[in-house]
Amino acid sequence: MGAPNRTNEQTRITTSRGVKYELKESTIPMELAEKRLENTDTSYLNEIGYRSPDVHMKTRSYPLHPDTCSKASNTSVILVFSPLWAFRSRMVIRQTWGDRLDLELIHSQLIFIVGVGDSSLTQKALIEESLVHRDILQIDFYDSYYNLTLKTLSALEWVSRHCKTPKFIAKIDDDNIVNIHNLFGGALNVSRLFDRFILGYTYSDFKPVNTTGKRFDPVYEVLYNQSYYPTFISGPGYVLTNNFLEELLQSCRNKPFIHLEDVFVNGICAEDVEGVVKASMPGFYMRKLSACEMKTDGFILSHGFTPESLLSTWRQYKTLSHLLR
């Protein structure tokens, strides 16, 4: 599928609150990378539509963003990666594990990370959402699975400029249920052992997928001359300390791009950052748990929920938590 054409025209959108917003269309082509992942020959990068090894080094802009990280969020900033159109998912998270009052109790702040799309109506709705909740960070490239590396790096770049206070940064997908108290309690425990770390569910001795599917990667072995990825932390949810972020971003700027954000950002790039430990901790589940299963000691994260199943499971989980006190 080819990338849609984009122009530098400006679209004036007036919200229901009378706020006028100038949406300047990005002059950077949308980074739709699907075409480089189909029917490829790994020997010839220039023949597979591979955009270029430096596509992630381009400067990005942020059409919507919080003013800055809250001064009170000295424990953590939680970056929840959500597709532009996933309004229901974001609302359910605000009503469940991402409740603002609960986050304030542990001095943390949640920010949703979204890209752009083709619909001015969707953009208008996003602006309305941002005006109400003040928790949207929008980045100027097309929202696609194959752009998660770009999305992650751009979000971390914004954090590096505007969020100096938080001790931890969490990267979480919007189809997860998270126990934030166990998440950051575990991170605090690990911080007594290591100064710099990335914490989550680790994969080691993992080979690039050479068949089909979203994780099909025909370029890693060619670009890096390696048969196995370095140890990496699974992308649906992980935590890193905020004391090596600029070094991590600089390492990524010096590496050829691949579309698998967990492999690239916390695997490949983190390898060259001095003193960073990739730590595995029980409690990160890369599957969908029942509410009963979540009552195990040390539960941190479960992956794979729709908005409705997240809401119903969370309610069951909280009910069980109350009954078992």
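Residues numbered from 1 in each chain as written. Predicted model: local features only at pLDDT ≥ 70, side-chain atom pairs only at ≥ 80, totals over all residues. Heavy atoms only, no water.

Asks: Quick question: what am I supposed to make of the sheet that holds strand β13 (residues 284-285) here?
Replies: Within a sheet, each strand pairs with its neighbour through backbone hydrogen bonds, oriented either parallel or antiparallel. If you trace the three strands from one edge of the open sheet to the other, you get β7-β14-β13, paired in mixed fashion. In this open sheet, the two strands that pair with only one neighbour each are β7 (176-178) and β13. In the sheet, β13 pairs with strand β14 (residues 301-303) via two bridges, with the strands oriented parallel. The residue bridging Tyr285 from the neighbouring strand is Ser302, located in β14. (Pairing = 2+ DSSP bridges. Helix = DSSP H or I, 4+ residues; strand = E, 2+ residues; numbered from the N terminus.)

Asks: How do you make sense of the pairing of strand β3 (residues 76-81) when you look at a structure like this?
Replies: As a general feature of sheets, a regular strand has side chains that alternate between the two faces. With six of its six residues buried, β3 lies for the most part within the structure. Every second residue of β3 is oriented toward a common face, with Ser76, Ile78 and Val80 on one face and Val77, Leu79 and Phe81 on the other, all of them buried. Taken together, the six bridges between β3 and strand β4 (residues 108-116) define a ladder with parallel strand orientation. Note on β4: the bridge partner recorded for Ile78 is Leu110. Direction of pairing for β3 relative to strand β6 (residues 168-173): parallel, over a ladder of six bridges. Within β6, the position partnered with Leu79 by the bridge is Lys171. (Buried < 20%, exposed > 50% of the residue type's maximum accessible area, 1.4 Å probe, protein only.)

Asks: Help me understand helix α8 (residues 261-268) in this model?
Replies: One full turn of an α-helix is made of 3.6 residues, so residues set three or four places apart face in the same direction. In terms of burial, α8 is a largely internal element, eight of the eight residues being buried. Listed as buried for α8 are Glu261, Asp262, Val263, Phe264, Val265, Asn266, Gly267 and Ile268.

Asks: Looking at this structure, I do not really get the state of the cysteines. What am I missing?
Replies: Among covalent bonds in proteins, the disulfide is the one between the sulfur atoms of two cysteines. Following the criterion strictly, the structure yields two disulfides and no others. Bridging Cys69 to Cys163, the disulfide has an S-S length of 1.8 Å. The S-S bond linking Cys69 to Cys163 shows a torsion near 75°; that makes this disulfide right-handed. On the criterion of sequence distance, the pair formed by Cys69 in the loop between β2 (20-24) and β3 and Cys163 in the loop between α4 (148-162) and β6 is long-range, its members being 94 residues apart. In terms of burial, Cys69 and Cys163 fall into one category: buried. If the cysteines joined by disulfides in the protein are listed in sequence order, their pairing comes out as 1-2, 3-4. (Disulfide = S-S within 2.5 Å.)

Asks: Please explain the pattern of salt bridges as it appears in this structure.
Replies: Tallied over the entire structure, the rule returns 15 salt bridges. With a closest N to O distance of 2.8 Å, Arg94 and Asp135 form a salt bridge. Taken together, the residues span a long stretch of sequence, with Arg94 in helix α1 (residues 87-95) and Asp135 in the loop between α3 (120-133) and β5 (136-142) at a distance of 41 residues. Considered together, Arg94 and Asp135 belong to a single accessibility category, that of buried residues. The partner of Glu247 in a salt bridge is Arg196, and the shortest N-O contact between them spans 2.4 Å. Of this pair, Glu247 sits in helix α7 (residues 245-253) while Arg196 sits in strand β8 (residues 196-200); the two residues are 51 residues apart in sequence, bridging distant segments of the chain. Under the relative-accessibility criterion, Glu247 is labelled partly exposed at 37%. Overall, Arg196 belongs to the buried group, its relative accessible area being 15%. (Salt bridge = Lys/Arg side-chain N within 4 Å of Asp/Glu carboxyl O.)

Asks: What's the story with the nonpolar core in this structure? I'm lost.
Replies: Within soluble globular proteins, side chains that are nonpolar generally end up buried alongside one another. In this structure, Leu79, Leu248, Ile258 and Phe264 are the most contacted members of the largest nonpolar core, which totals 44 residues. Top contributing element to this core by residue count: α4, with seven residues. Judged by nonpolar contacts, the second largest core, of 42 residues, contains Ile106, Ile127, Phe284 and Met294. (Core = buried A, V, L, I, M, F, W, Y, C linked by side-chain atoms within 4.5 Å.)

Asks: Is there a simple way to explain the packing of aromatic side chains in this structure?
Replies: Centre distance and the angle of the planes are the two values used to describe a pair of aromatic rings. A complete count under the given rule lists 15 aromatic pairs for this structure. The interplanar angle of 25° and the centroid separation of 5.3 Å between the aromatic rings of Tyr203 and Phe232 together place this pair among those described as stacked. Taken together, the residues span a long stretch of sequence, with Tyr203 in strand β9 (residues 202-203) and Phe232 in strand β10 (residues 232-233) at a distance of 29 residues. Overall, the relative accessible area of 25% leaves Tyr203 in the partly exposed class. Summarising the aromatic geometry, the rings of Tyr229 and Phe232 are spaced 6.1 Å apart at their centres and angled 85° between planes, so their arrangement reads as edge-to-face. The two residues Tyr229 and Phe232 agree in class, both being buried. Site record: aromatic cluster; members linked through ring pairs are Tyr201, Tyr203, Phe206, Tyr220, Tyr224, Tyr229 and Phe232. The positively charged end of Lys171 is found above the aromatic ring belonging to Phe81, 5.0 Å away from the centroid. (Phe/Tyr/Trp six-rings, centres within 6.5 Å; stacked < 30°, edge-to-face > 60°. Lys NZ or Arg CZ within 6 Å of the ring centre and 35° of its normal.)

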